Amino acid sequence: SELSYARYGKDNVRLYKVHKDQETGVQSVTEMTVCSLLEGDIDESYTAADNSPIVATDTQKQTVYILAKQNPVTPPELFASILGNHFISSYKHIHAAHIKITVHRWTRMTVEGKPHPHSFMRDGAETRVVEAVAREGEGISIRSGINGLLVLKSTGSAFYGFQRDEYTKLPETWDRILSTEVECGWHWKKFASLEDVRSVVPKFDTAWEAARTITLETFAKENSPSVQNTMYKMCDQILAAAPLTEAVEYSLPNKHYFEIDLSWHKGLKNTGKDAEVFAPQSDPNGLIQCTVTRK
Ligand SMILES: O=c1[nH]c(=O)c2nn[nH]c2[nH]1
């Protein structure tokens, strides 16, 4: 037998960093979970019990903390690139570093109508995610994204005109609840180096803000004929808003809410236009996926 794949590192490295503005006293916080996985001339550590090539996973964890202290941790695309570049440039036998960063929400509280200088709240399980691959001699590839953004609209969604045959039971609807948990991502053009990443740092937050706003506003404003068409429109707008991106992708579960027929109880009307009480479904769910690229 032979080793066909080898990648190792430390997952679930949690870190929090505070920035204290000495002049204003305003403090800002960032909390993230980091995963680093390394590739390189490490086969002997698997095949021959030779541990000499191993940069221990604990060393990788310590490196994350040290570099977080010595460098900005925002935008996460920059910090991921700093980490990846560190690993491939510090160890001649390490040729690729895969860095995944999940940033958790700490949204500044508004207290008595004003942004509070040092108080924050977790307003949702939504995260901002980055996956960067720093590969020796090939530069840095970055995918940014949003996960866990749960949305629902009580109308403004239809689904009709779909394939009908002897297996089809689903009725057509011109007015339905639409709920999904957004998982979306955008792939950046290949960066030649860490310096190349640094040269466009402001564009990462701008792209994330645009992607989040486009997702929420398109979801709300569109009279959606299907999840498919609505997600395509989101992709199209994000590509236009972030010229340095090459592809945008969505994976959207369709989280169903079923009507409950209550007519057995004294003729109580609760279906169609009279539907008010619904049964939220945890499963099964639709799952609609797409990737949209530039022509
Ligand atoms: O938006 C939708 N797309 C689909 O493909 C689908 N299938 N059932 N309901 C659906 N809703």
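Look above for the structure.
Quick look at the structure, then. Owing to the predicted nature of the structure, the values given are computational and were not obtained by experimental measurement. (Residues numbered from 1 in each chain as written. Predicted model: local features only at pLDDT ≥ 70, side-chain atom pairs only at ≥ 80, totals over all residues. Heavy atoms only, no water.)

Thoughts on the overall build of the protein
Now for step 1: Per the secondary structure count, the protein includes six helices and 12 strands.
Now for step 2: Taken along its principal axes, the extent of the C-alpha atoms in the protein is 75 × 60 × 40 Å.
Now for step 3: Expressed as a percentage of the 295 residues in the protein, the buried residues total 41%.
Now for step 4: In the protein, once contacts between residues fewer than 6 apart in sequence are set aside, the share between residues at least 24 apart is 64%.
Now for step 5: Within the structure as shown, the protein displays about 16,800 Å² of accessible surface, and the carbon and sulfur contribution to it stands at 52%.
Now for step 6: Computed over 33 positive and 38 negative side-chain charges, the separation of the two mean positions in the protein equals 5 Å. (Helix = DSSP H or I, 4+ residues; strand = E, 2+ residues; numbered from the N terminus. Buried < 20%, exposed > 50% of the residue type's maximum accessible area, 1.4 Å probe, protein only. Contact = heavy atoms within 4.5 Å. Areas by Shrake-Rupley, 256 points an atom, 1.4 Å probe, with all protein chains shown as cover. Lys, Arg positive; Asp, Glu negative; His and termini not counted. Charge placed at Lys NZ, Arg CZ, Asp CG, Glu CD.)

Regarding the sheet that holds strand β9 (residues 245-254)
In a beta sheet, neighbouring strands are held together by backbone hydrogen bonds and run either parallel or antiparallel to one another.
Now for step 1: Overall, antiparallel pairing links the eight strands, which are arranged β1-β2-β3-β6-β7-β8-β9-β12 in an open sheet. This sheet does not close on itself; its edge strands, each paired only once, are β1 (8-20) and β12 (286-293). Between one strand and the next, the sheet's axes are offset by a mean angle of 15°, whatever the strand orientation.
Now for step 2: Bridge count between strand β8 (residues 178-188) and β9: six bridges; the pairing is antiparallel. Counterpart to H187 in the pairing with β9 is A247.
Now for step 3: On the sheet, helix α6 (residues 227-241) packs against β8, β9 and β12 and is oriented at approximately 155° with respect to β9. (Pairing = 2+ DSSP bridges. Axes fitted to C-alpha atoms, helices over the stretch in contact; angles between N-to-C directions.)

Looking at α6
Now for step 1: Between its first and last C-alpha, α6 extends 21 Å over 15 residues, near the 21 Å set by a 1.5 Å rise per residue.
Now for step 2: Turning to α6, its buried residues are V227, T230, M231, M234, C235, I238 and L239.
Now for step 3: If you follow the buried residues of α6, they end up packed against β8, α5 (202-221), β9 and β12. (Expected span 1.5 Å × (residues − 1).)

Thoughts on the side chain of S224
Now for step 1: Position of S224 among the secondary structure elements: in the loop between α5 and α6.
Now for step 2: When sequence neighbours within four positions are dropped, the list of residues in contact with S224 reads G156, S157, A158, L178 and T230.

Description of the nonpolar core
Now for step 1: Residues V34, F79, I142, W186 and Y250 are the most contacted members of the largest nonpolar core, which totals 63 residues.
Now for step 2: Filtering out sequence-adjacent residues up to four positions away, W186 remains in contact with I142, R143, S144, G145, I146, A207, W208, A211, T245, A247 and V248. (Core = buried A, V, L, I, M, F, W, Y, C linked by side-chain atoms within 4.5 Å.)

As for a nonpolar patch on the surface
Now for step 1: A surface patch of nonpolar side chains, amounting to about 280 Å² of accessible area, comprises Y16, V18 and W106.
Now for step 2: Inspection of the secondary structure assignment puts V18 in strand β1.
Now for step 3: For V18, a relative accessible area of 30% puts it in the partly exposed group. (Patch = residues over 30% accessible without salt bridge, like charges linked within 9 Å, V, L, I, M, F, W, Y side chains within 5 Å. Salt bridge = Lys/Arg side-chain N within 4 Å of Asp/Glu carboxyl O.)

Considering the state of the cysteines
Now for step 1: All told, the structure shown has zero disulfides when counted by the stated rule.
Now for step 2: Considering cysteine sulfurs only, C235 is the nearest to C184, which forms no disulfide, with 8.0 Å between them.
Now for step 3: Of all cysteine sulfurs, the one in C235 lies closest to C290, which takes part in no disulfide; the gap is 3.8 Å. (Disulfide = S-S within 2.5 Å.)

Notes on helix α3 (residues 76-90)
Now for step 1: Taking 1.5 Å as the rise per residue, α3 with 15 residues should run 21 Å; its terminal C-alpha atoms sit 21 Å apart, in good agreement.
Now for step 2: Most of α3 sits out of view: 11 of its 15 residues are buried.
Now for step 3: Along α3, the positions that sit buried rather than exposed are P76, E77, L78, F79, A80, S81, I82, L83, G84, F87 and I88.

Quick look at a negative patch on the surface
Now for step 1: Side chains of D41, D43, E44, D50 and E136 sit close together on the surface and give a patch of like negative charge.
Now for step 2: Along the chain, D50 falls in the loop between α1 (43-47) and α2 (57-70).

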